[in-house]
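Summary of the model geometry
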Amino acid sequence: MNPLFPDNYYEPVIGLVVFLVTLFVIGKVLVPRLQKTLAERADAIDGGIMRAEKARAEARNLERQYHKQLEEARRDAALLREEAREQGARIRAELRAQAQAEARHLIGTAHAQIEADRKAAFAQIRTEIGRLSTDLAGRIIGESLEDVRHAGIVERFLDELENRTVS
């Protein structure tokens, strides 16, 4: 038996036919499926890379927008703080002016009240001095001097005395 030339010729032919059928099936069914799977994987990898690049670019864009909005918010906050300071200064100035006006009014009212109290006290002291003077003069003389008090003599005397003191 020679392996190169076997006794039956149908075995190598059958082997060759089976080999060709297997090769045909593998070439027509299995290889396209493998190529399709490899192509899908390549697309998935390339698509994944593309999606990752797109996501990275979008993330950079979002980060820029975030920083821009953050800077805007900081500027707005600074403006609001400055406006609040100015408004606080205006309110303090208004309250100070209002308090000063109220203080001037209270001082004016107090001065007027003091002046009125002084005049009332002076009038009362004057009346009391007049009464005491006439009582003392009456005791010295030994008679009642009610008529002198009613005649206004004491008032004129006190006015003259006051005018001499002032001048």
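Residues numbered from 1 in each chain as written. Predicted model: local features only at pLDDT ≥ 70, side-chain atom pairs only at ≥ 80, totals over all residues. Heavy atoms only, no water.

Moving on, we come to the overall build of the protein chain. Helices and strands together make up the secondary structure of the protein chain, namely three helices and zero strands. Secondary structure elements in the protein chain, listed N-terminal to C-terminal, are α-α-α. Here the protein chain holds 167 residues, and 5% of them are scored as buried. Carbon and sulfur atoms provide 62% of the accessible area of the protein chain, an area that totals close to 14,900 Å². (Helix = DSSP H or I, 4+ residues; strand = E, 2+ residues; numbered from the N terminus. Buried < 20%, exposed > 50% of the residue type's maximum accessible area, 1.4 Å probe, protein only. Areas by Shrake-Rupley, 256 points an atom, 1.4 Å probe, with all protein chains shown as cover.)

Counted at 1.5 Å a residue, the expected span for helix H1 (residues 10–141) with its 132 residues is 196 Å, and the 185 Å between its end C-alpha atoms agrees. Taken as a whole, H1 carries its principal kink of about 35° at Gly27. Looking only at H1, the buried set comprises Gly47, Arg126, Gly130, Thr134 and Gly138. (Expected span 1.5 Å × (residues − 1). Bend = angle between axes of the 7 residues up to and from the residue.)

A separate point is the pattern of salt bridges. When charged atoms on two side chains of opposite charge get close, those side chains can pair. Applying the stated criterion to the full structure yields three salt bridges. Note that Glu82 is salt-bridged to Arg85, the shortest N-O span being 3.0 Å. With Glu82 and Arg85 both in helix H1, this residue pair falls three residues apart, about one helical turn. According to the relative accessible area criterion, Glu82 is partly exposed, its value standing at 36%. Two residues, Arg118 and Glu115, come together in a salt bridge whose shortest N-O distance is 2.6 Å. (Salt bridge = Lys/Arg side-chain N within 4 Å of Asp/Glu carboxyl O.)

Before going further, it helps to spend a moment on the confidence of the model for the protein chain. Here the protein chain averages 86 in pLDDT, while 87% of its residues score no lower than 70. Mean pLDDT across the secondary structure elements of the protein chain bottoms out at helix H2 (residues 146–151), with 60, and peaks at H1, with 91. (pLDDT = per-residue confidence, 0-100.)

Turning to a nonpolar patch on the surface, a few remarks are in order. On the surface, a nonpolar cluster with roughly 830 Å² of combined accessible area is contributed by Val13, Val17, Val21, Phe24, Val25, Ile26, Val29, Leu30, Val31 and Leu34. Looking at the secondary structure, you find Phe24 in helix H1. Its relative accessible area of 54% is what places Phe24 among the exposed residues. (Patch = residues over 30% accessible without salt bridge, like charges linked within 9 Å, V, L, I, M, F, W, Y side chains within 5 Å.)

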